[in-house]
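Residues per chain are reported as follows:
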Amino acid sequence: MNLDFYKTQALQKQKEHKKFLDGLKKKPPKNLDYVVQETHEQVFEKVDCLQCANCCKTTGPLYTEKDIERISKHLRMKQADFEAKFLRVDEEDDKVLQNLPCYFLNDDNTCSIYEVRPKACREYPHTDRKKIYQINDLMIKNTVICPAAFEFVESMMKNLGK
């Protein structure tokens, strides 16, 4: 997977993508959630996250208290020890990873805590959610990081005839 190609394409098409997504926000088609789900499924038939894992290498998820509780229990660690070893508080007061790539990313791009991974990881790149127009800014950011997010926006434009 050529990440540089996707990043370049995403940056070149940012204005076009933003205009399209803003249009969805202004006047969402009646069947938007259905089209989103269909498009998400089509994209992930073609894109294999294990060939990429760019999200795990370049962006850290936000850790909720529930995530911390679940993961530290899984690792048989005290929550405070888990936080001290892996997390820091960022500028927005969110708990995030101290370092990237993610500590839990294996050499083969699998996740060592996949079954208990953070909610943010489970939902990424957010291409299967209802009312997709509520996360337009996030989607634009994700197209630069994630080939699937880029393909999703491109496919949505085709599927909705834009």
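Note that this is a predicted model, so its numbers are computed, not measured. (Residues numbered from 1 in each chain as written. Predicted model: local features only at pLDDT ≥ 70, side-chain atom pairs only at ≥ 80, totals over all residues. Heavy atoms only, no water.)

Novice: Lay out the packing of helix 5 (residues 65-74) against helix 6 (residues 79-86) with the relevant residues and their values.
Specialist: With their axes 9 Å apart at the nearest point, helix 5 and helix 6 run at an angle of 100° to one another. Viewed along their axes, helix 5 and helix 6 adopt a mutual orientation that is roughly perpendicular. Of helix 6, the residues touching helix 5 (which contributes Glu65, Ile68, Glu69, Ile71 and Ser72) are Gln79, Phe82 and Glu83. Class assignment for the residues of the contact of helix 5 with helix 6 results in three nonpolar, two polar and three charged. (Axes fitted to C-alpha atoms, helices over the stretch in contact; angles between N-to-C directions. Helix = DSSP H or I, 4+ residues; strand = E, 2+ residues; numbered from the N terminus. Parallel < 35°, antiparallel > 145°, perpendicular 65-115°, else oblique. Contact = heavy atoms within 4.5 Å. Nonpolar A, V, L, I, M, F, W, Y, C, P; charged D, E, K, R; others polar.)

Novice: Help me get a handle on the nonpolar core, residues and values and all.
Specialist: Ranked by size, the top nonpolar core spans 21 residues in total, and within it Phe20, Leu24, Leu32, Ile132, Met139, Phe152 and Met156 carry the most contacts. Listing elements by their share of this core, those giving two or more residues are helix 2 (14-26), helix 3 (32-46), helix 8 (136-145) and helix 9 (147-159). In terms of residue count, helix 9 provides more of this core than any other element does, six residues in total. (Core = buried A, V, L, I, M, F, W, Y, C linked by side-chain atoms within 4.5 Å. Buried < 20%, exposed > 50% of the residue type's maximum accessible area, 1.4 Å probe, protein only.)

Novice: I'd love a proper account of the packing of aromatic side chains, names of residues and values included.
Specialist: Scanning the model with the defined rule gives eight aromatic pairs in all. Aromatic side chains Tyr63 and Phe82 sit 6.1 Å apart centroid to centroid with 55° between the ring planes, which places their arrangement in the tilted category. Separated by 19 residues along the polypeptide, Tyr63 in the loop between helix 4 (54-58) and helix 5 and Phe82 in helix 6 bring together distant segments of the chain. Neither residue differs from the other here; Tyr63 and Phe82 are each classed as buried. With 5.3 Å between their ring centres and 90° between their planes, Tyr103 and Phe104 make a pair best called edge-to-face. Residue Phe104 is classed as buried on the basis of its relative accessible area of 3%. By the ring-pair criterion, three or more aromatic residues cluster together here, those being Tyr63, Phe82, Phe86, Tyr103 and Phe104. One residue, Arg117, lies across the ring of Tyr114, its end atom 3.7 Å from the ring centre. (Phe/Tyr/Trp six-rings, centres within 6.5 Å; stacked < 30°, edge-to-face > 60°. Lys NZ or Arg CZ within 6 Å of the ring centre and 35° of its normal.)

Novice: Pulling in residues and values, what's your account of the side chain of Asp67?
Specialist: With respect to the helices and strands, Asp67 occurs in helix 5. Classification of Asp67 as buried rests on a relative accessible area of 1%. Not counting residues within four places of it along the chain, the set of residues in contact with Asp67 comprises Leu62, Arg117, Pro118, Lys119 and Arg122.

Novice: Describe unusual backbone geometry, naming the residues involved and giving the relevant values.
Specialist: A cis amide bond, omega -5°, links Leu100 with the succeeding residue Pro101. Tracing the backbone shows Pro101 in the loop between strand 2 (95-97) and helix 7 (119-123). For the peptide bond that leads from Tyr124 to Pro125, omega is 5°, which places it in the cis range. Examined against the element boundaries, Pro125 turns out to sit in the loop between helix 7 and helix 8. You will see that Arg76, though not glycine, has its phi angle at about 55°, which is positive. When you line up the elements, Arg76 lands in the loop between helix 5 and helix 6. Given the relative accessible area of 78%, Arg76 is considered exposed.

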